[in-house]
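Residues per chain, in single letters:
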Amino acid sequence: QVRLVESGGGSAQAGGSLMLSCAPAEYTDSRPCMAWFRQAPGKEREWVANIERDDSPTYRDTVKGRFTISHNYAENTLYLQMNSLRPDDTALYYCAAEGRKNAFTQRCTLRPSEYKSWGQGTQVTVSS
């Protein structure tokens with residue numbers, strides 16, 4: 001379901017920064033997960049980062065230490081702060097909310113199909 005509005009995408013040079021936002025990003029007891037995914041042309045959609053409610057952020061290895069996912073409960077907004085951008089970060093970025101936890105691990109799922117609400121995608125282009 002495409003119901004979330006994303007902003008903050010655009011162009012940056014390598015080493016630069018961008019911050020993406022997404023609203024209204026909500027969670028429930030049964031669907032506590034929020035996440036960012038990205039998809040480059042001709043590539044599969046891949047998980048970037050997720051957060052359970054307002055805590056426990058988890059990151060893809062290639063963005064760890066450079067990206068920060070956060071959620072502001074009062075503003076009902078999900079953020080992705082991206083620093084030290086690289087050309088291979090270039091992709092269409094999607095926010096996702098109302099995701100389920102894995103029943104076995106009790107951690108947020110990395111599978112896109114388990115997230116109920118999605119943004120339309122915002123383009124991030126990083127030049128060398």
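Residues numbered from 1 in each chain as written. Predicted model: local features only at pLDDT ≥ 70, side-chain atom pairs only at ≥ 80, totals over all residues. Heavy atoms only, no water.

As for the overall build of the chain
Item 1. When its secondary structure is counted, the chain shows zero helices and 11 strands.
Item 2. At 14 Å, the chain has a C-alpha radius of gyration in line with the 14 Å of a compact globule built from 128 residues.
Item 3. Referenced to the eigenvectors of the C-alpha coordinate spread, the extents of the chain come out at roughly 40 × 30 × 25 Å.
Item 4. In the chain, buried positions account for 41% of the 128 residues.
Item 5. Placing the 15 positive and 14 negative side-chain charges of the chain at their respective mean positions leaves the two points 5 Å apart. (Helix = DSSP H or I, 4+ residues; strand = E, 2+ residues; numbered from the N terminus. Rg over C-alpha atoms; globule rule 2.2 N^0.38 Å. Buried < 20%, exposed > 50% of the residue type's maximum accessible area, 1.4 Å probe, protein only. Lys, Arg positive; Asp, Glu negative; His and termini not counted. Charge placed at Lys NZ, Arg CZ, Asp CG, Glu CD.)

Structural notes on the environment of Gln 81
Item 1. Relative to the assigned elements, Gln 81 resides in strand β8 (residues 77-82).
Item 2. You can call Gln 81 partly exposed: its relative accessible area is 24%.
Item 3. Residues Gln 81 and Glu 52, 29 residues apart in the sequence, show an inter-C-alpha distance of 17 Å.
Item 4. Polar contacts involving the side chain of Gln 81 include one to the side chain of Asn 83, which spans 3.0 Å. (Polar contact = N/O pair within 3.5 Å; in protein donor to acceptor, adjacent residues only side chain to side chain.)

Points about the nonpolar core
Item 1. One finds Trp 36, Leu 78, Leu 80, Met 82 and Tyr 93 to be the most contacted residues of the largest nonpolar core, which totals 25 residues.
Item 2. Listed by contribution, the elements that provide at least two residues to this core are β3 (18-23), β4 (33-39), β5 (46-52), β7 (67-72), β8, β9 (91-99) and β11 (122-127).
Item 3. For this core, the leading source of residues is β9, giving four residues.
Item 4. Excluding residues that lie within four positions of it along the chain, Met 82 makes contacts with Gly 16, Ser 17, Leu 18, Leu 20, Arg 66, Phe 67, Tyr 93 and Val 124. (Core = buried A, V, L, I, M, F, W, Y, C linked by side-chain atoms within 4.5 Å. Contact = heavy atoms within 4.5 Å.)

Remember that the coordinates give geometry; whether it matters functionally is a separate question.
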